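Survey of secondary and tertiary structure
Spelled out from the first residue to the last, the chains are:
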Amino acid sequence: MSAASCLLTEDQFLCSICLDVFTDPVTIPCGHNFCKTCITQHWDINVLCQCPNCKEVFNTRPELRVNTFISEMAAQFRQSAQQKASSSSSEQQAAKPGEVPCDACTGTKLKALKSCLVCLDSYCETHLEPHLTRSGLKRHQLIDPVENLEGRMCTKHDKLLELFCKTDQMCVCMLCTVLDHKTHDVVPLKEGYDGKKAELGNTEAEIQQMIQKRRLKIQEMKHSVELSKEDADREIADGVQVFTAMKESVERSQAELINTIQEKQRKTEKQAEGFIKELEQEISELKKRSTEVDQLSRSEDHLHLLQGFPSLNALPTKTWTEVSVRPSTYEGTVVRAVNQLEETLSKQMKKLFEAELKRVQQSAVDVTLDPDTANPYLILSDDGQQVNCGERKNLPDNPERFDTCPSVLAKQSFSSGRFYYEVQVKGKTEWDLGVARESINRKGIITLNPQNGYWTIWLRNKNEYKACAGPLVSLSLKSQPEKVGVFVDYEEGLVSFYDVDAAALIYSFTGCCFTEKLYPYFSPSLNYGGKNSAPLIISPVNHTE
């Protein structure tokens, strides 16, 4: 064993915490070795249970068992070191900067091995010997060497701090308990230490729980990012496909327009070419006849002139006065092409809205009307799915109730995420639909706009649709909606309205900043003598195919 120990260096027998030869050495799971007391105290003080050398963190505190092999090796080394120290104290290490020097050494200060809480001095191996051998000194409390031993003394009474005042949460000396902390709850340091250690254990458990929650939150956020990326990739792919189809439609329409115009031009050119060829043939014939006439007119033979005259007098009979080539007309050609393109694009837009509506319908929620918010003139169905205007009822004027406007909110509120619901408006001449924040004013005349906490659209006079954006925005709809879908993305700040049957977007509020709960908002408007008696009906969402 001694031969083996001679092959090893001194550093291999030193604990990296106390920088002394191992005492009861233990090996932790990562393979590093420490004194059992050193690593135990280190883990008691620190929040994380980790290796001081490699910083590996252990989720559960390892069970510590003394490594007998290293213990024997360390004992051999310690014995050998003591023998060397006894032969020459000059061979002991001098205290280096940052190390605690021996208070008893004169001349060169050697490195202290222990500090005494009774003597308030630190000792090297040689000067520590009396505390290890003399019975009177053996009772002194030795600790790992520290420089500031005065910090363990009561500054007021110059006594050792050996008690803990639980009332004032401070360390005190025996004299403090008699004078300044007489009626306080004072316990020995060990008991205070055990209590604080238990609190640290609870704190550690709480911290680990908080860490776990935050790790779960990180996983949740990463998952949300992945879902968002999938949505983004899908949206990009759909967008590229749609715009590619639109681009192809435009290019195809352009090619067809150019081909139509060019075909008309070719027909005009062909007709003109035919006429020109025929005219050129007649010109050639007339030139020939002109030559013959000239020759005959010069003849002095009476008989020859009279016999040849009839044939030369037979000129072409076709008149070209009424014949003309008119330029092709292109009026309406471009307009018709653009109209056809518009129809094609409209079909593409319809497909887009159908796909969008299908996606938002995935966020469908159950919505029921809240009778505690309903205006006294409103009649709610027993299932809370329908509302219309009727005779006034005697209801308590609670703070949540609309007292003047014929309005009602849903029972359900939303403060995050997305939600969607559908309302049948068939047969009505007036209505309001949308969402409202929790803190809205519900008394007196109300102006619907985002500044007042309302994001709504309405119908007036059978066919006047407007978005209550403050100011009002007139909406041009191709058809009158019979069922309106309302979609909200809380984080995105988006409120959209859809014509469900036409799969068309009616209007969107964008860039909204929501900081409160949002409630679905309904107003069937007044009855107007039965002209607007049809109810608003919250309909189950039938997901589009």
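Reading guide: rules and limits
- Residues numbered from 1 in each chain as written.
- Predicted model: local features only at pLDDT ≥ 70, side-chain atom pairs only at ≥ 80, totals over all residues.
- Heavy atoms only, no water.
- Axes fitted to C-alpha atoms, helices over the stretch in contact; angles between N-to-C directions.
- Helix = DSSP H or I, 4+ residues; strand = E, 2+ residues; numbered from the N terminus.
- Parallel < 35°, antiparallel > 145°, perpendicular 65-115°, else oblique.
- Left-handed = near helix turned anticlockwise from the far one by under 90°.
- Core = buried A, V, L, I, M, F, W, Y, C linked by side-chain atoms within 4.5 Å.
- Buried < 20%, exposed > 50% of the residue type's maximum accessible area, 1.4 Å probe, protein only.
- Contact = heavy atoms within 4.5 Å.
- pLDDT = per-residue confidence, 0-100.
- Phe/Tyr/Trp six-rings, centres within 6.5 Å; stacked < 30°, edge-to-face > 60°.
- Lys NZ or Arg CZ within 6 Å of the ring centre and 35° of its normal.

Below, the discussion takes up the packing of helix 7 (residues 189-298) against helix 9 (residues 333-360). The contact between helix 7 and helix 9 brings their axes to 10 Å, and the two run at 165 degrees. When the axis of helix 7 is compared with that of helix 9, the two are roughly antiparallel. You can see that helix 7 and helix 9 cross each other, and the crossing is right-handed.

Our next topic: the nonpolar core. Ranked by size, the top nonpolar core spans 38 residues in total, and within it Trp431, Phe509 and Phe522 carry the most contacts. Discounting residues that sit within four places of it in the chain, Trp431 has contacts with Val425, Ile457, Trp458, Leu459, Arg460, Tyr465, Val484, Ser523, Ser525 and Leu536. By size, the runner-up hydrophobic cluster in this structure holds 19 residues, among which are Cys15, Val21, Ile39 and Phe77.

With that settled, consider the confidence of the model for the chain. Chain-level pLDDT for the chain is 87 on average; 95% of the residues reach the 70-or-more range. Low pLDDT, under 50, characterises residues 1-6; the predicted model gives this stretch seven contacts beyond four residues in sequence or across chains.

For the rest of this paragraph, the subject is the packing of aromatic side chains. For the coordinates displayed, the defined rule picks out 11 aromatic pairs. For the ring pair Phe402 and Tyr521, a centre distance of 6.1 Å and an interplane angle of 65 degrees mean the geometry is edge-to-face. Placement of the pair is Phe402 in the loop between strand 10 (386-389) and strand 11 (408-409) and Tyr521 in strand 20 (residues 518-523), with a sequence separation of 119 residues. Neither residue differs from the other here; Phe402 and Tyr521 are each classed as buried. Ring pairs connect the aromatic residues Phe402, Tyr454 and Tyr521, which therefore count as one cluster. A cation sits over an aromatic face here: Arg460 above Trp458, 4.0 Å from the ring centre.

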